[in-house]
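Now for the letters of each chain:
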Amino acid sequence: METEGSPAVGAVGIGELLKRADGGEPLVLLDVRNDEDFERWKLEGRKPLETIHVPYFDFLEDEEGAASRLPRGREIVVVCATGDSSAMVSELLSEKGLPAKNVSGGMAAYGAHLEPVAVPLARGETGRFEIWQLNRRGKGCLSYVVRAGDEAIVVDPSRDVARYEAFLDELGVRLVQVLDTHVHADHVSGGPELAKKRGVPYFVAAGEDIELRKDVTPLADRAEIRLGGGGGVGVQVQAVKTPGHTPGSTSYLVGGKYLFSGDTLFIKSVGRPDLGGQVVPWGRSLFHTLKERIASLPDDTVVLPAHYADASEIGPDGVVSGRLGDLRASVPELQIATEEAFVEAMRREVSEPPAAYADIIRVNLGTTEASPEKIAEWELGKNECAAKGRRHS
Ligand SMILES: [Fe+2]
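Sequence order as written defines the numbering, with residues in each chain counted from 1. Whole-chain, interface and lining totals are the exception, using all residues; otherwise, since this is a predicted model, local features are given only for residues with pLDDT of at least 70 and side-chain atom pairs are given and counted only at 80 or more. The basis for every side-chain value is the complete set of heavy atoms in the structure, and neither hydrogens nor water enter the calculation.

## As for the overall build of the chain
Argument step 1. Secondary structure is summarised from DSSP: a helix means a run of H or I of at least four residues, a strand means a run of E of at least two, and numbering begins at the N terminus for each. When you go through the chain residue by residue, the secondary structure sums to 13 helices and 17 strands.
Argument step 2. Every radius of gyration here is taken over C-alpha atoms, with the globule rule written as 2.2 Å times N^0.38, N being the number of residues. Taken over C-alpha atoms, the radius of gyration comes to 22 Å for the chain, in line with the 21 Å a tight globule of 393 residues would show.
Argument step 3. Taken along its principal axes, the extent of the C-alpha atoms in the chain is 65 × 50 × 40 Å.
Argument step 4. Type-normalised accessible area, obtained with a 1.4 Å probe on protein chains alone, sets the label of each residue: buried when under 20%, exposed when over 50%, and partly exposed for intermediate values. Going through the 393 residues of the chain one by one, you find that 55% of them count as buried.
Argument step 5. Put simply, 63% of the contacts in the chain that link residues at least 6 apart link residues at least 24 apart.
Argument step 6. We get accessible surface area from the Shrake-Rupley algorithm with a probe of 1.4 Å; when it comes to residues, only the shown protein chains can shield them. Accessible surface for the chain amounts to roughly 16200 Å². Of this, 51% is attributable to carbon and sulfur atoms.
Argument step 7. Charge assignment in this entry is limited to Lys and Arg as positive and Asp and Glu as negative, and neither His nor the chain termini are counted. By convention, charge coordinates are those of NZ in Lys, CZ in Arg, CG in Asp, or CD in Glu. Between the averaged position of the 45 positive side-chain charges in the chain and that of its 61 negative side-chain charges there is a distance of 4 Å. Two residues qualify as a contact provided that any one of their heavy atoms is within 4.5 Å of a heavy atom in the partner residue.

Structure, rendered in structure tokens:
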């Protein structure tokens, strides 16, 4: 889904850049943002991407000196926050005979870019339904489209709903329901807007004592949504309440096997239970969810989370997923035996969340509004939704 528009001459779109970086092309990425922004958030490919950091102001102060820090004979792609100062730098380098291209839209485009990848299904499932994982690479955010026949649901959409609408149109399907796994803290949900535009029900749960001012169609624990028609086509989507990361967290089990686990369980860790300022009660709740609700699922359950920490979690098939039986053995938090030890580990593992998270939560609850510009600023950077302190690796 190339949605960023055609890049200008001497420029490369973020989708194309990621494809080339993932393919291991010997590109050099020149990042011209300031030190703080560069340290906080870097563009990453699925294969190591050689990155050189030379701030834009170094080019202004000493053009020759800054340019001399770049390798010769290699294609250079230049990135900045929004694609403006990097355009100037790439022009300047081109004038000096260096093969340079600007990354259109910069890190803002990287943060918004969405890549749909088909989740491989077992024989017998193929043809009955499809699961698409929409990977927002820059943020490590995952949303999903499940399609059966001419019907589809969307789970955890980002706020740029036009991208989801375009994808649904591409598939030739009719949206029947929009679901969020929880009230997100790292990004503003597109769920309410997408549901409203298409006139379909929307569901999210905040938790009993939390004010939610969104138009929500309630979904009970174990409630099922039937998707697709008859004739061997179709699948059931079951809501499974999995409180802990937030009190209202809900996972969705597709076809009895594929678990959209939200921020309850990731591939390498679990969701942080501290974002409501109540790490102990929410941590206890998460422990019981993992030990009871998640533990009772079969080993062959395919866990499809709402977030991941870095590109190493993207599998060879391009999908971020894990077999529950494998995760039981590899995710350290799943091996903690007692509630007390679990809560203690949570207290130890969580770091101060980004300041904007409280604002984003309020927007998602509907208790405040914010301009698209403000939201874009809040959403900069990777998600920090996992309990472990390994999010900026
Ligand atoms: Fe979350």
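## Focus: the coordination of the iron ion
Argument step 1. Water is not part of the atom set, so a site may look incomplete; the donors themselves are N, O and S atoms within 2.8 Å of the metal, or 3.2 Å for Na, K and Ca. Ligation of the iron ion by protein atoms is provided by H182 (NE2), H245 (NE2) and D263 (OD), these donors lying 2.1 to 2.2 Å from the ion.
Argument step 2. When the donor residues of the iron ion are listed from N- to C-terminus, their spacing reads H-x62-H-x17-D. Of this pair, H182 sits in the loop between β10 (174–179) and α8 (191–198) while H245 sits in the loop between β13 (235–241) and β14 (250–254), and the two are 63 residues apart along the sequence.

## Quick word on the side chain of N102
Argument step 1. Take N102: it is sitting in strand β5 (residues 100–103).
Argument step 2. A relative accessible area of 8% places N102 in the buried class.
Argument step 3. The term polar contact refers here to a pair of N or O atoms within 3.5 Å; inside protein, the definition further demands a hydrogen-donor-capable atom paired with an acceptor-capable atom, and it admits residues adjacent in sequence only when both atoms are side-chain atoms. Among the polar contacts listed, one links the side chain of N102 to the side chain of S86, at a separation of 2.5 Å.

## Regarding the environment of G228
Argument step 1. Along the polypeptide, G228 turns up in the loop between β12 (224–227) and β13.
Argument step 2. Separated by 35 residues in sequence, G228 and D263 have C-alpha atoms that sit 27 Å apart.

## Re the sheet that holds strand β4 (residues 76–79)
Argument step 1. Ordered by their spatial adjacency, 5 strands build an open sheet running β1-β5-β4-β2-β3, and the pairing between neighbours is parallel. Single-partner strands in this sheet number two, and they are β1 (11–12) and β3 (50–53). Only when DSSP finds a minimum of two bridges between them are two strands counted as paired.

## What to know about the sheet that holds strand β6 (residues 115–118)
Argument step 1. Spatially, 6 strands are ordered β6-β7-β8-β9-β10-β11 in an open sheet, and the strand pairing comes out mixed. The open sheet has two free edges, formed respectively by β6 and β11 (202–203), since each of these has just one partner strand.
Argument step 2. With 2 bridges joining them, β10 and β11 adopt parallel strand pairing. Within β11, the residue paired with L179 across the bridge is F203.
Argument step 3. Set on the sheet, α8 makes contact with β9 (151–155), β10 and β11; between it and β10 the angle comes to about 150°. For helices, the fitted axis covers only the stretch in contact; all axes are lines through C-alpha atoms, and the angles between them, taken along N-to-C directions, range from 0 to 180 degrees.

## As for the nonpolar core
Argument step 1. Among the buried residues, those of types Ala, Val, Leu, Ile, Met, Phe, Trp, Tyr and Cys that are joined through side-chain atoms within 4.5 Å form a nonpolar core. Counting 54 residues, the largest nonpolar core has I131, Y252, V254, F260, L265, V270 and L304 as the members making the most contacts within it.
Argument step 2. Sort the elements by how many residues they give to this core and helix α9 (residues 279–294) lands first, with 5 residues.
Argument step 3. Not counting chain neighbours up to four residues away, the residues in contact with L265 comprise V270, I294, V303, P305, L324, L327, V331 and L334.
Argument step 4. Counting 26 residues, the second-largest nonpolar core is a separate cluster that includes L168, V200, Y357 and I361.

## A look at the packing of aromatic side chains
How two aromatic rings sit relative to each other is given by the distance of their centres and the angle of their planes.
Argument step 1. Planes of paired rings set the category: under 30 degrees apart is stacked, over 60 is edge-to-face and the rest tilted, where pairs are Phe, Tyr or Trp rings (Trp by its six-membered ring) whose centres lie within 6.5 Å. Within this structure, the stated rule accounts for 6 aromatic pairs.
Argument step 2. A centroid spacing of 4.3 Å and a plane angle of 15° characterise the contact between Y144 and F260, whose relative ring orientation is stacked. Residue Y144 is found in strand β8 (residues 141–148), and its partner F260 is found in strand β15 (residues 258–262); the two are separated by 116 residues along the sequence. Judged on exposure class, the residue Y144 and its partner F260 are both buried.

## Looking at the packing of α9 against helix α11 (residues 339–349)
Argument step 1. Two numbers describe how α9 lies on α11: the axes approach to 9 Å, and their chain directions differ by 125°. Considering their axes alone, α9 and α11 lie oblique with respect to each other. As for how α9 packs across α11, the hand of that crossing is right-handed. Between α9, through V279, V280, G283, R284, L286, F287, H288 and L290, and α11, the contact on the second element is made entirely by E339, E340, F342, V343, M346 and R347.
Argument step 2. Residue composition of the contact of α9 with α11, grouped by class: 8 nonpolar, 2 polar and 4 charged. If an angle is under 35 degrees, it is roughly parallel; if it is over 145, roughly antiparallel; if it lies from 65 to 115, roughly perpendicular; otherwise it is oblique. Two helices cross in a left-handed way if the nearer one is turned anticlockwise from the farther one by less than a right angle. They cross in a right-handed way if the turn is clockwise. Note on residue classes: Ala, Val, Leu, Ile, Met, Phe, Trp, Tyr, Cys and Pro are nonpolar, Asp, Glu, Lys and Arg are charged, and everything else, Gly too, is polar.

Read these as layout, nothing more, since geometry by itself doesn't imply function.
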